[in-house]
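Structural features, examined
Chain by chain, the residues:
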Amino acid sequence: IHIFEVPQLVSEGGFSKLPLLPSYLYLAGQHEVLQENIQLPWDETISYVVGEFGKQLGARVPARLVSSAKSWLCHPGVDRKAAILPWGASKELQKLSPIEASSRYLQHIRDAWNYQIAEGRDQDKLENQEVILTVPASFDEFARELTLEAAQKVGLNQITLLEEPQAAFYCWIANNGNNWHKYLHNGQIVLICDIGGGTSDFSLITVQESGGKPLFTRLAVGDHLILGGDNIDMALARQIEVSLFSEPGKLDSGQWATLTHNCRMAKEELLSKESKEDSWPIIIQEKSSRLIGSTLKYELTKEEMLKVIEEGFFPITDLEEEPQKASRAGIQEWGLPYTHDTAISRHLSSFLRKHQEDMREDQQKGGQHVSDFIMPDAVLFNGGALKPPFFQKRITQAMEHWTTLANTSLPKSQSPLVLSNDSADLAVAYGAAYYGLVRKGRGIRIKGGIGRSYYIGVATEQKGPAAQQALCVIPRKMEEEQEVEIKDKEFSLLIGEPVSFPVFSSSTRLLDQAGDLLSVDEESFTVLPPIQTILRRGRAKLREVPVHIKARLTAIGTIELWCVSRQKDRQWKLQFGVREGKPGPKDTVVEQEAATEDEVLEAGRIGPLFKAVFDGNVQELSSEFKEVAPENLLKMIEKALQTQRQNWPVFTLRQMSEMLLACITQRGQSVRHEARWFHLTGFCLRPGFGYNMDDWRVKKVWKIFHQGLSFLKDRETRIQWWIMWRRLSGGLNQNRQTEIFQKIAPYLLPQKKKPTGPRPSVHELAEMWRLAASLERLPEKEKEELGGVLLNRLAKNAQSPDLWALARLGARQPFYGGLHTVVSLEVVEEWLEQLLALQTLPKEEKLFTLSQLSKRNPDRSRNVSEEVRQKVIDYLLKEKKDLESRSSKKHELHMINQTIEGIEKITPFQTKEQALLFGESLPKGLHLKS
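Every chain's residues receive numbers from 1 upward, in the order its sequence appears when written. Local features in a predicted model are, by the rule used here, given only for residues with pLDDT of at least 70; side-chain atom pairs are given and counted only at 80 or more, and totals for whole chains, interfaces and linings are based on all residues. Heavy atoms from the whole structure form the basis of all side-chain values; hydrogens and water molecules are not counted.

Considerations on the overall build of the chain
Helical segments are the DSSP runs of H or I of at least four residues, strand segments are the runs of E of at least two, and each set is numbered from the N terminus. Counting its secondary structure elements, the chain contains 27 helices and 24 strands. Out of the 930 residues belonging to the chain, those deemed buried represent 56%. Two residues form a contact once any of their heavy atoms are found within 4.5 Å. Contacts spanning at least 24 positions in sequence make up 69% of the contacts within the chain whose residues lie at least 6 apart. Roughly 41,200 Å² of accessible area belongs to the chain as shown, and the carbon and sulfur atoms make up 47% of that amount. Type-normalised accessible area, obtained with a 1.4 Å probe on protein chains alone, sets the label of each residue: buried when under 20%, exposed when over 50%, and partly exposed for intermediate values. Residue-level accessible areas treat just the shown protein chains as cover; the underlying method is Shrake-Rupley with a 1.4 Å probe.

Quick notes on the nonpolar core
Joining through side-chain atoms within 4.5 Å is the link that ties buried Ala, Val, Leu, Ile, Met, Phe, Trp, Tyr and Cys residues into a set, and such a set is a nonpolar core. Counting 107 residues, the largest nonpolar core has L204, L259, L348, L352 and I395 as its most contacted members. For this core, the leading source of residues is helix 11 (residues 389-405), giving six residues. Sequence-distant contacts of L348, defined by excluding residues within four places in its chain, comprise L191, F202, I395, M399 and W402. If you look at the next biggest cluster of nonpolar residues, it comprises 99 residues, including L621, F705, Y816 and V864.

A short note on the packing of helix 16 (residues 671-685) against helix 18 (residues 715-728)
All axes here are fitted lines through C-alpha atoms, helices being fitted over the stretch that makes contact, and every angle between N-to-C directions spans 0 to 180 degrees. With their axes 8 Å apart at the nearest point, helix 16 and helix 18 run at an angle of 15° to one another. Taken together, the axis directions place helix 16 and helix 18 in an arrangement best described as roughly parallel. In this structure, helix 16 crosses over helix 18, and the sense of that crossing is left-handed. For the pair helix 16 and helix 18, contact is made by V671, E674, A675, W677, F678, H679, T681, G682, F683 and L685 and by T717, Q720, W721, M724, R727 and L728, respectively. Three categories are distinguished: nonpolar for Ala, Val, Leu, Ile, Met, Phe, Trp, Tyr, Cys and Pro, charged for Asp, Glu, Lys and Arg, and polar for the others, with Gly belonging to the last. When its residues are assigned to classes, the contact of helix 16 with helix 18 shows nine nonpolar, five polar and two charged. The cut-offs work like this: below 35 degrees is roughly parallel, past 145 is roughly antiparallel, 65 to 115 is roughly perpendicular, and the gaps in between are oblique. Each crossing gets its handedness from the near helix: less than a right angle anticlockwise from the far helix is left-handed, clockwise is right-handed.

Side note on the packing of helix 24 (residues 843-854) against helix 25 (residues 866-883)
Contact geometry for helix 24 and helix 25: axes closest at 11 Å, N-to-C directions at 155°. If you check the angle between helix 24 and helix 25, you find them roughly antiparallel. When the axes of helix 24 and helix 25 are compared, the crossing they make is left-handed. Of the residues in helix 25, those touching helix 24 at K843, K846, L847, L850 and S854 are V872, Y875, L876 and E879.

Some thoughts on the pattern of salt bridges
For side chains of opposite charge, pairing can occur when their charged atoms come near one another. When a carboxyl oxygen of Asp or Glu lies within 4 Å of a side-chain nitrogen of Lys or Arg, that pair is called a salt bridge. Counting across every chain of the model gives 48 salt bridges. With a shortest N-O distance of 2.7 Å, E920 and R727 are connected by a salt bridge. Residue E920 is located in the segment after helix 27 (911-918), and its partner R727 is located in helix 18; the two are separated by 193 residues in the primary sequence. The buried category is assigned to R727, whose relative accessible area is 8%. Between E879 and K843 there is a salt bridge, with its nearest N and O atoms 2.9 Å apart. With E879 in helix 25 and K843 in helix 24, this residue pair connects regions lying 36 residues apart in the sequence. Look at the salt bridges and you will find they share partners, linking R686, R726, R727, E767, R770 and E920 into a network.

With respect to the side chain of Q166
Along the chain, Q166 falls in helix 5 (residues 164-176). For Q166, a relative accessible area of 12% corresponds to the buried category. Apart from residues no more than four positions distant in its own chain, Q166 is found in contact with R218 and I446.

Section: helix 6 (residues 229-245)
Between its first and last C-alpha, helix 6 extends 24 Å over 17 residues, near the 24 Å set by a 1.5 Å rise per residue. Turning to helix 6, its buried residues are G229, D230, N231, I232, D233, M234, L236, A237, I240 and E241. Tucked inside the fold, the buried residues of helix 6 contact helix 7 (253-270), strand 11 (279-285), strand 12 (295-301), helix 8 (302-312) and helix 11. Remark: S246 follows helix 6 within two positions and exhibits a positive phi of approximately 75°. The span one expects for a helix is its residue count, reduced by one, times 1.5 Å.

Geometric values such as these leave the question of function open.
Given below as structure tokens:
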């Protein structure tokens, strides 16, 4: 195995070969560096810098630096294919998607290899080699697929994925394989503690001896933790910010990024083995209206740094302490969903507790004495964040403490053996190369297969807590290129209609086998985005097909699922995929409860009403509903359900929406029918997402968009048409939202050629504005243009719908769109300045708009500046003083207090605030999380 030293820029115009390519990408501007000084031998037109020099430039201008791309690849709250990085950068900068950033790192390595190794020979080019690509052990199936996509973008198609902790241990094997018995013994357990810049991974590997040779088996892997060296940098930055200003949140996103990068440099310097320094100077440019601004200075001492790290990341905790689940406020500084609790020691003890049964079973098989609480015998540290010896020492001290607390009776040392890892920076790459040899039959293989079990949800007749059932399709420890067919259970598959497969995983269930049908519980199952698809039937008529399930773990480490027909030689592949532009499962809605028996019966009572109104079939109607018609259909449904429409549960609403979809072609038989169909469809499908198969339902409605209205001249029908699309907007992707916007833009924006057709009334125009503001996936440019027009309208003739639309367009926390969809800070601050200057706006609506545009949230890149925030608070305090003498204005006074609180500190969305933001209440049973 040889190290390929990667050619890269190390200074302006300076080119060198280094063993590491730091995963930093700097988007060079015209004034920071000359174009001719960042040219590469294989690309003279390149406009960005990857690697060591990119890291250096980013420390000076962090707003242009892309980092933590791997962490962004597994962030479900953003569109990972959208250009969102650098996070929080100005709108003028041409941003990149997490996939594009990842692919550019791989592209640099590919081009450098081809330049230095291949030298024009096609057979030697990197794209023609077998490549082992490593990923965090905690990457789920979707993040792995995105990683493969990044590699394929640059022509690397012969890819095998390997988890980084395993790669690190392969490196240890490569260096110690012949002398392994000097360090490890039969029956021992090794903990791999892998903490990088953005993620933390824990794995357990057991040691057995067979014929004098070692047999290493992976026993367990930990859950996904976005927690690493980046969090330490931010914690140090937070400490300095509080020391300078007495409270957090005073620095803007640019200053904060500079401070965080300075803290990273200070950490690396003060904690390096060679360092003899006791402190490090931190300098931040202070914002100033002067041409030359002043600077803020802080001397960060090594003692202070160690205290922050000890208390926040490596405390000596009790063995039973669970990771805290407090608010993530204060640690989501760059938009990433960082792990709530930063105490790595607590996460590690939790991991060891969860896998006691795994370790117990393994030791019992080996005939060893089993203690009450089993601790690993040895630990292998890996990852850039663990390079300082101090960090490793704190973890081993914590493990010693837990061993003492557990009163372990095994005759072994209190302290785990620390396995040597002399090439910490290169261990994963070196181990991956060794694994490539193992795949060709050379070397010692780590057994154990996949680290998680995978399951698909199955519909059953059960009710209550056990109603959610899951079928194990990929058991933990399944090996690569293995396949299982579950033939003893027959399932009915609907062909030509939408089907949904809830997906779960578990890293703790060790006994589940392929084909086991299990009740799902929150403790041991992790919910993944469901597979939703329509399985094509060719020319055959719609039918249900009896199938069994087939699953395969591929050679490259991904999962394939198939539904195999029991009648014919045919099978359908269930494709894993990330539903881009849609909210992630953990960030948008609470888990859905199974429908109650009463709700199922209620939905059944409604069917005859729809058949009577839209099909003219009144045979199934009872006498009390004989007079049902489009105009009274809503009241008749309320009567049938014996509850008002605001209380209809989400299950009932979605069942009604499918009844409406069944009579979609009959909606145009009269003006009354069409208006009622639009009204009810939008109401039953709001907010367009959040419930199983909403994608399919909204897609069915979308088919009529280009057909248009049957009664275009009817004003009320047109209004209901726009309201329906507003209610469904959360379920529409960016392309569909753009199509809607193109239809209404001529009516809303100046200098647009007005289309032919009926002129919209004031009421219809207001609904168009509300619809436009609800299209959160529109590009930022369109939102800015809409906001500018709204402010001009408000200056001339204040209207409540205009203020609501402005609040929705500029909201710091989107209702359903990814975090990357918010309007830039510069624009929103301009809007706030203009709003404050307008004196004739309706008070309550103005308060709501101010609150949405200046609401504080954990990601400071979306927070308005301290100066603008204070102007808003001063305005609110003045309004409060004017109102305090009027007892009749208590409601308005309460709103002002709530608005001030939401601007001064991070507060979660209240139900009422969500309803105001959406424009009406959400269905009963759907609750958005902040």
